[in-house]
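Descriptive analysis of the structure
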Amino acid sequence: FQLRHGLDDDGVVGKGTLAALNVPVADRIDQIRVNLERARWILHDLPAEFVIADIAGFQVKYFRDGEIVWEGRAQVGKPYRKTPVFRDQIRYLEFNPTWTVPPTILKKDVLPAIKRDPGYLASKNMRVLDRQGNPVSAASIDWSQYPGKSFPYMIRQGPGPNNALGRIKFMFPNKHLVYLHDTPSKALFARSGRAFSSGCIRVENPFDFAERLLDKTPGWDHSRIMREVDTEKTSRVNLAQPVTVMLLYWTATADATGTVSFKSDIYQRDTAVLDGLNGKFGFRKSPVFSGDAEG
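Residues numbered from 1 in each chain as written. Predicted model: local features only at pLDDT ≥ 70, side-chain atom pairs only at ≥ 80, totals over all residues. Heavy atoms only, no water.

1. Focus on the nonpolar core
Side chains of a nonpolar character, in soluble globular proteins, are inclined to be buried together. Of all hydrophobic cores here, the largest spans 60 residues; its most connected members are Ile90, Leu93, Trp143, Ile155 and Phe209. For this core, the element with the highest residue contribution is helix α3 (residues 103–116), accounting for six residues. With residues near it in sequence (within four places) discarded, Ile155 still touches Trp99, Thr100, Val101, Leu106, Val110, Leu111, Ile114, Leu121, Met126, Arg127, Val128 and Trp143. By size, the runner-up hydrophobic cluster in this structure holds seven residues, among which are Ala39, Phe50, Leu248 and Trp250. (Core = buried A, V, L, I, M, F, W, Y, C linked by side-chain atoms within 4.5 Å. Buried < 20%, exposed > 50% of the residue type's maximum accessible area, 1.4 Å probe, protein only. Helix = DSSP H or I, 4+ residues; strand = E, 2+ residues; numbered from the N terminus. Contact = heavy atoms within 4.5 Å.)

2. Quick look at helix α5 (residues 206–213)
Residues of α5 that are buried include every one of Pro206, Phe207, Phe209, Ala210 and Leu213, and no others. Buried residues of α5, seen end-on, are gathered within an arc of 155° and therefore sit on one face of the element. (Arc of directions from axis to C-beta.)

3. Focus: the packing of aromatic side chains
The tally for this structure, following the rule as stated, stands at 12 aromatic pairs. Measuring from centroid to centroid gives 5.0 Å for Phe50 and Phe63, while their planes differ by 20°, and the two rings are stacked. Of the two residues, Phe50 sits in strand β1 (residues 49–54) while Phe63 sits in strand β2 (residues 59–64), which places them 13 residues apart along the sequence. Looking at Phe63, the relative accessible area reads 17%, which means it is buried. Ring geometry for Tyr62 against Phe209: centres 6.1 Å apart, planes inclined by 85°, an arrangement best described as edge-to-face. Taken together, the residues Tyr62 in strand β2 and Phe209 in helix α5 connect sequence positions 147 residues apart. (Phe/Tyr/Trp six-rings, centres within 6.5 Å; stacked < 30°, edge-to-face > 60°.)

4. Focus: the confidence of the model for the protein chain
Of all residues in the protein chain, 97% attain a pLDDT of 70 or more, and the chain-wide mean is 93. Per-residue pLDDT stays below 50 along residues 290–295; that stretch engages in one contact with residues further than four places along the chain or on separate chains. (pLDDT = per-residue confidence, 0-100.)

5. As for helix α2 (residues 25–42)
An α-helical segment advances 3.6 residues per turn. Residues three or four places apart therefore align on the same side. Taking 1.5 Å of rise per residue, the 18 residues of α2 would be expected to cover 26 Å, and the 26 Å separating its terminal C-alpha atoms lies within 8% of that figure. If you check which residues of α2 are buried, you get Arg28, Gln31, Val34, Asn35, Glu37, Arg38 and Ala39. (Expected span 1.5 Å × (residues − 1).)

6. Re the pattern of salt bridges
For the coordinates displayed, the defined rule picks out 13 salt bridges. The shortest N-O distance in the salt bridge between Lys263 and Asp54 comes to 2.5 Å. Separated by 209 residues along the polypeptide, Lys263 in the loop between β15 (260–262) and α7 (270–278) and Asp54 in strand β1 bring together distant segments of the chain. The buried category is assigned to Lys263, whose relative accessible area is 15%. For Asp54, a relative accessible area of 9% corresponds to the buried category. The shortest N-O distance in the salt bridge between Arg64 and Asp215 comes to 2.8 Å. Remark: Asp215 occurs in the loop between α5 and α6 (222–230) and Arg64 occurs in strand β2; sequence separation between them is 151 residues. Judged by its relative accessible area of 16%, Arg64 falls in the buried class. Residues participating in the shared-partner salt-bridge network are Glu49, Arg64, Asp215 and Lys216. (Salt bridge = Lys/Arg side-chain N within 4 Å of Asp/Glu carboxyl O.)

7. Focus: the pairing of strand β3 (residues 67–77)
In terms of strand pairing, β2 meets β3 through six bridges, oriented antiparallel. Counterpart to Phe63 in the pairing with β3 is Ile68. Between the antiparallel neighbours β2 and β3 lie two residues, among them Asp65 with a positive phi of about 50°. Sheet topology note: the β3/strand β12 (residues 201–203) ladder contains two bridges and is antiparallel. Counterpart to Gln75 in the pairing with β12 is Arg202. Two strands pair when backbone bridges link them, and β3 and strand β11 (residues 195–197) are joined in this way by two bridges, in the parallel orientation. In the sheet register, Gly77 faces β11, and the bridge partner there is Ser197. (Pairing = 2+ DSSP bridges.)

This is the structure:
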């Protein structure tokens, strides 16, 4: 029961387990309805090969021809920095990535930390750059102005084992600036609830995942991947073929045997879908074209 409800499967009826045991059957039925609706939106015309990141389930799975060829635990965005739902294609991998601090994290996290601790940049292997990528002396900046004023520079963390992105990232360039990547915070994968990131998806065992993605790219086996990582130099390898990736939000799923698992609605998204399902049904009017109209 605990395993199917995303709880620590310790056999102890604690607060979380007791709450899950007391969820009414009608609510579980509604949860299944909501997720069947989500499935209706996207589970059609799928490619033979794709990756699904299940946000509420804290999992990443790689499918080929209907079979799971790799899966691992994931860490996703905190409730106030939600991981978005969208579809794209993984096009390349980057080893030993640098990390340019995104605007939101810069304003809310990094600039206040620098203001409190002048040694913060050095301790995090970070440096200040202008908009053209040229180094700027941190000592020349009046940090007391920030984060109040608009910050005119970039802050970039160098590659290495303590980089926020870890040693590898899986790139599908998108407007959300969200992707899959390694992490130095590996201990957090042991938690049952794993909403710890600032929006990106941190992947457990990323080198195994990379090996699977690259097995159609000549010359890239496990040893080659690890040699590239050990250089501690930033490099990029394109996939032989882009792989579809879908960041989805499932609070109920069924496996191949029909066993249903339930997950916490960490972003409180189920209610809006359920309201729509329970609302008045109606057909949308389709546009009418004349026989000679283009379209």
